[in-house]
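Topology and contacts: notes
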Amino acid sequence: MVRIIAFAGSARRHSWNKKLAAIAAEGARGAGAEVTLLDLADYPMQIYCEDLEAEQGFPDSARRFKQLLAEHDGFLIASPEHNSAYSSLLKNAIDWATRREGEDEPPLMAFSGKVAALMSTSPGALGGLRGLVSLRMLLGNLGVILLPQQQAIGLAATAFDDDGQLLDSGQQARVHSLGEELVRVAHALKRP
Ligand SMILES: Cc1cc2nc3c(=O)[nH]c(=O)nc-3n(C[C@H](O)[C@H](O)[C@H](O)COP(=O)(O)O)c2cc1C
């Protein structure tokens, strides 16, 4: 069975991007995947520094996050846009997860050959679309296959209902189908 991990690049309690990731995760679940919904707030990591890593080793949160990525076939990532780029929280978590623990570990083992679908939402009209450009480039450079489809949902403050679903049925369907499409592609890539 295809395994998908869904998370937001925000640790904020009432994050719109967490809601968006959860909707796409439902789509992936509906398409038959085993889905893990992760909250980066549960994986606190210091800002990456080589001195810190050399002196204190790998933080437990970073190891657990990296291990989880490695155990899944595909990623559903919803990232806030911070000053036209993806969030520094997301970059930091990815940076830690690219680090090897020991010579025997293959390079980029948490990323290489995985498939990802990207989305964003923000209170602004563009919905964080600009941040996805650099996130797509970063993940591609790590060996991740990116779905061409993505979703950016604008006007986040009025886009969701109290249950975290999108009020616009077309948007809701498109975010669902992003999760479904990720499962379809991950499944195809998994086939021997
Ligand atoms: C430092 C900072 C920079 C931001 N820059 C942008 C931006 O460039 N574009 C945008 O649409 N929203 C921007 N925002 C607003 C975020 O989109 C908004 O806080 C959003 O709710 C964060 O996502 P979350 O709800 O998932 O935590 C910025 C917010 C912060 C704190």
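Parameters and conventions
Starting afresh in each chain, residues are numbered from 1 along the sequence in its written order. Note on the predicted model: pLDDT of at least 70 is required for a residue's local features to be given, and 80 or more for side-chain atom pairs to be given and counted; whole-chain, interface and lining totals, by contrast, use all residues. Side-chain metrics in this entry use all non-hydrogen atoms of the structure; hydrogen atoms and water are not considered. Residues are said to line a cavity or pocket when one of their atoms sits within 4 Å of a point; the points come from a 1 Å grid over protein atoms alone, cavities being sets where a 1.4 Å probe fits but cannot get out and pockets being open sets with protein on both sides within 12 Å along at least five of seven lines. Grid points are joined across faces, edges and corners, and a volume is the space filled by probe spheres set on the points. Gly falls in the polar group here, along with every residue not listed as nonpolar (Ala, Val, Leu, Ile, Met, Phe, Trp, Tyr, Cys, Pro) or charged (Asp, Glu, Lys, Arg). Two strands pair if DSSP finds at least two bridges between them. Helix and strand definitions follow DSSP, with helices as H or I runs of at least four residues and strands as E runs of at least two, each counted in order from the N terminus. Angular values range over 0 to 180 degrees, each being the angle between N-to-C directions of two axes fitted as lines to C-alpha atoms, with helices fitted over their stretch in contact. Any two residues having at least one pair of non-hydrogen atoms within 4.5 Å are treated as being in contact. Among the buried residues, those of types Ala, Val, Leu, Ile, Met, Phe, Trp, Tyr and Cys that are joined through side-chain atoms within 4.5 Å form a nonpolar core. Exposure classes here rest on a 1.4 Å probe applied to the protein chains alone. A residue is buried below 20% of its type maximum, exposed above 50%, and partly exposed in between. Multiplying one less than the number of residues by 1.5 Å gives the expected span of a helix. The term polar contact refers here to a pair of N or O atoms within 3.5 Å; inside protein, the definition further demands a hydrogen-donor-capable atom paired with an acceptor-capable atom, and it admits residues adjacent in sequence only when both atoms are side-chain atoms. Only the six-membered ring of Trp is used, alongside the rings of Phe and Tyr, when aromatic pairs are assigned; centres must lie within 6.5 Å, and planes under 30 degrees apart are stacked while those over 60 apart are edge-to-face, with the rest tilted. Here, the term right-handed applies to a crossover whose path from the first strand over the helix to the second runs clockwise when the strands point away from the viewer.

1. Re the layout of surface pockets
Taken as a whole, the largest pocket spans an internal volume of roughly 220 Å³. Lining the largest pocket are 15 residues, with Ser10, Arg12, Asn17, Pro80 and His82 sitting closest to its centre. Here the residues of the lining of the largest pocket are counted per class, giving five nonpolar, eight polar and two charged.

2. With respect to the sheet that holds strand S7 (residues 145-153)
Ordered in space as S2-S1-S3-S6-S7, the five strands form an open sheet in which the pairing is parallel. Looking at the sheet topology across the chains shown, the edges are occupied by strand S2 (34-38) and S7. On average, adjacent strands in this sheet sit at an angle of 15 degrees to one another, irrespective of strand direction. Lying on the sheet, helix H7 (residues 169-190) is in contact with strand S1 (3-8), strand S3 (74-78), strand S6 (115-121) and S7; it crosses S7 at an angle near 170 degrees.

3. Here's the deal with the nonpolar core
Core analysis: the largest hydrophobic core is formed by 32 residues, its most contacted members being Phe7, Phe65, Leu69, Phe111, Leu135 and Leu139. Residue assignment for this core shows that the elements contributing at least two residues are S1, helix H3 (60-71), S3, helix H4 (88-97), S6 and helix H5 (129-141). Element by element, the count of residues in this core is highest for H4, at five residues. When near neighbours in sequence (up to four residues on either side) are disregarded, Leu135 contacts Ile77, Ser79, Tyr86, Leu90, Ile94 and Leu118. Listed in part, the 28 residues of the second largest apolar core include Ala25, Ala156, Leu182 and Ala186.

4. Comments concerning H7
Compared with an ideal rise of 1.5 Å per residue, which puts 22 residues at 32 Å, H7 spans 32 Å between its outermost C-alpha atoms and is within 8% of the ideal. Among the residues of H7, Gln171, Gln172, Val175, Leu178, Gly179, Glu181, Leu182, Val183, Val185 and Ala186 are the ones counted as buried. On its buried face, H7 sits against S1, helix H1 (16-30), S3, S6 and S7. Measuring from the backbone nitrogen of Gly170 back to the side-chain oxygen at the start of H7 gives 2.8 Å, which picks out Asp168 as the cap.

5. Structural notes on the packing of aromatic side chains
Scanning all chains against the criterion turns up six aromatic pairs. Between Phe7 and Phe65 the ring centres are 5.6 Å apart and the planes differ by 85 degrees, which places this aromatic pair in the edge-to-face class. Taken together, the residues span a long stretch of sequence, with Phe7 in strand S1 and Phe65 in helix H3 at a distance of 58 residues. Exposure class is identical for Phe7 and Phe65. Each is buried. Grouping aromatic residues by their ring pairs yields a cluster made of Phe7, Tyr43 and Phe65.

6. Remarks on the pairing of S1
Summarising burial for S1: five of the six residues are buried, a large majority. As judged from the five bridges shared by S1 and S2, these two strands associate in the parallel manner. Considered in S2, the bridge of Ala6 is made with Leu37. In this fold, the crossover linking S1 to S2 by way of H1 has right-handed handedness. Examined bridge by bridge, S1 and S3 share five bridges and lie parallel to one another. Looking at S3, one finds that Ile4 is bridged to Gly74.

All quantities given are derived from atomic positions and should not be read as evidence of function.
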